[in-house]
Amino acid sequence: MSKLIGLHLFIATFLGVALAQTGDIQTIKMRIKADLLQAPPSDKQIEALLTHINPDGSFNDINYADLSATANFPQGRHTANLALLAKAYASSTSKYYKSETLRESLIKLLQFWVDKDFVGENWHNNQITTPTNLVNLMLAAGDDLPNDLIQKAQPIIGRANMTASGYRPGGDRIVIAGVIAKNLLFIGDYKGFEKMLNHIENEMTFSTGERGIQQDFSFHHRVDRVNNTDSYGYDKFANGYGEWSYYVAGTKYQFSQERLKILIDYYLDGAYKNSVTSSGVLFSLTGSAVSTIGALGGKITALGSDLTGYGKLSGSIDEFRLYCPGIFLHILTYFLKKCCFLFDIIRF
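Examining helix α5 (residues 123-141)
Phase 1: End to end, α5 covers 26 Å across 19 residues, agreeing with the expected 27 Å (1.5 Å per residue, within 8%).
Phase 2: Maximal helix bending in α5 amounts to about 30 degrees, located at Pro131.
Phase 3: The buried fraction of α5 is high, at 15 of 19 residues.
Phase 4: Where α5 starts, the residue carrying a side-chain oxygen 3.0 Å from the main-chain nitrogen of His124 turns out to be Asn122.

Following this line, the structure appears as structure tokens:
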């Protein structure tokens, strides 16, 4: 009798742990999907995209022929459009929500892509851009796509992997790790997903003299030791890590407070102190962007805007400040929201 009771207790304990793990997985998956659908496209955007679809599943306004590095991978718009259409399909506020017509378009567009399998000259297109878009498609609408088509897309998504050239220490590793984790979550490989979460969590550590966070909370994306604290370090590494710390918060996979404290210190003593400042905070000014600025008052083309005549440049390699009245104030707000969230988790 005691053995029978012991067996029942073992089974109950096992089932309890399994259910708790399943609940945590579902919580993470729900958060990822909610984050993905937070800003769904408008009905007009979707209407416009649908008018550009050819019978063969291509878009009539994309040049699919040029795969050179100088073309900047225009084919990438195809998978970006796919992800956008999938968001509308999965968004309950869209008139295209669960639309059979839209589902058929998604199938046709994905079939075209897996048949052609466009590979750009720049590794980033193949290891990050395309896998990211296709994973977002799967998370949003994959449950309603044919299984054979999903399987054909897996090798393409799989170019984001731990042996890929882009999976080196630096800002890109955590992005690729995130793509891998989301795909494992979608296909139901929860053991692999747990291992990937461990890899992501352990990325928050000091890499003195190598790629990654330095002891002074600067960030090196490459081995040339160029300061990338506010570009790759902030945009990709810190924000990518912060994203995952939100997804796993309150679950058995929650990141350790030791790791999160390093992240907070990086935001405050790294990104913020090294940031380009004005009436707001301007991030994403990379070493390459600094090199293209040229003479005082020139065009800052690397930022995607013509800031001719905006004026005063000062600083050194470790501190570079650009005073541009009234621009990018919203980035400061975004930064502060992230800090508030992390402080709430740690509760000093």
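Points about the environment of Gly188
Phase 1: Residue placement: Gly188 occurs in the loop between α7 (171-187) and α8 (190-202).
Phase 2: When the C-alpha positions of Gly188 and Ile25 are compared, they lie 9.8 Å apart, and in sequence the two are 163 residues distant.

Points about α7
Phase 1: Compared with an ideal rise of 1.5 Å per residue, which puts 17 residues at 24 Å, α7 spans 26 Å between its outermost C-alpha atoms and is within 8% of the ideal.
Phase 2: Taking burial as the measure, the 17 residues of α7 include 15 buried ones, the bulk of the element.
Phase 3: Within two residues after α7, Gly188 carries a phi angle of roughly 85 degrees, on the positive side.

Examining the packing of α7 against α8
Phase 1: Running from N to C, α7 and α8 cross one another at 160 degrees; their axes reach a closest spacing of 8 Å. Viewed along their axes, α7 and α8 adopt a mutual orientation that is roughly antiparallel. Note that α7 runs across α8; the crossing there is left-handed. Residues Ile174, Ala177, Gly178, Ile180, Ala181, Leu184 and Leu185 of α7 form the contact with α8, whose own contacting residues are Tyr190, Gly192, Phe193, Met196 and Ile200.
Phase 2: Residues of the contact of α7 with α8, tallied by class, amount to 10 nonpolar, two polar and no charged.

Focus on the pattern of salt bridges
Phase 1: Counted under the stated rule, the structure contains nine salt bridges.
Phase 2: Across the pair Asp61 and Arg77 runs a salt bridge, and its minimum N-O distance is 2.9 Å. Here the residue Asp61 occupies a position in the loop between α2 (43-51) and α3 (76-90), and Arg77 occupies one in helix α3, the gap between them amounting to 16 residues.
Phase 3: Take Arg77: its relative accessible area is 37%, and that puts it in the partly exposed class.

Reading guide: rules and limits
- Residues numbered from 1 in each chain as written.
- Predicted model: local features only at pLDDT ≥ 70, side-chain atom pairs only at ≥ 80, totals over all residues.
- Heavy atoms only, no water.
- Helix = DSSP H or I, 4+ residues; strand = E, 2+ residues; numbered from the N terminus.
- Expected span 1.5 Å × (residues − 1).
- Bend = angle between axes of the 7 residues up to and from the residue.
- Buried < 20%, exposed > 50% of the residue type's maximum accessible area, 1.4 Å probe, protein only.
- Polar contact = N/O pair within 3.5 Å; in protein donor to acceptor, adjacent residues only side chain to side chain.
- Axes fitted to C-alpha atoms, helices over the stretch in contact; angles between N-to-C directions.
- Parallel < 35°, antiparallel > 145°, perpendicular 65-115°, else oblique.
- Left-handed = near helix turned anticlockwise from the far one by under 90°.
- Contact = heavy atoms within 4.5 Å.
- Nonpolar A, V, L, I, M, F, W, Y, C, P; charged D, E, K, R; others polar.
- Salt bridge = Lys/Arg side-chain N within 4 Å of Asp/Glu carboxyl O.

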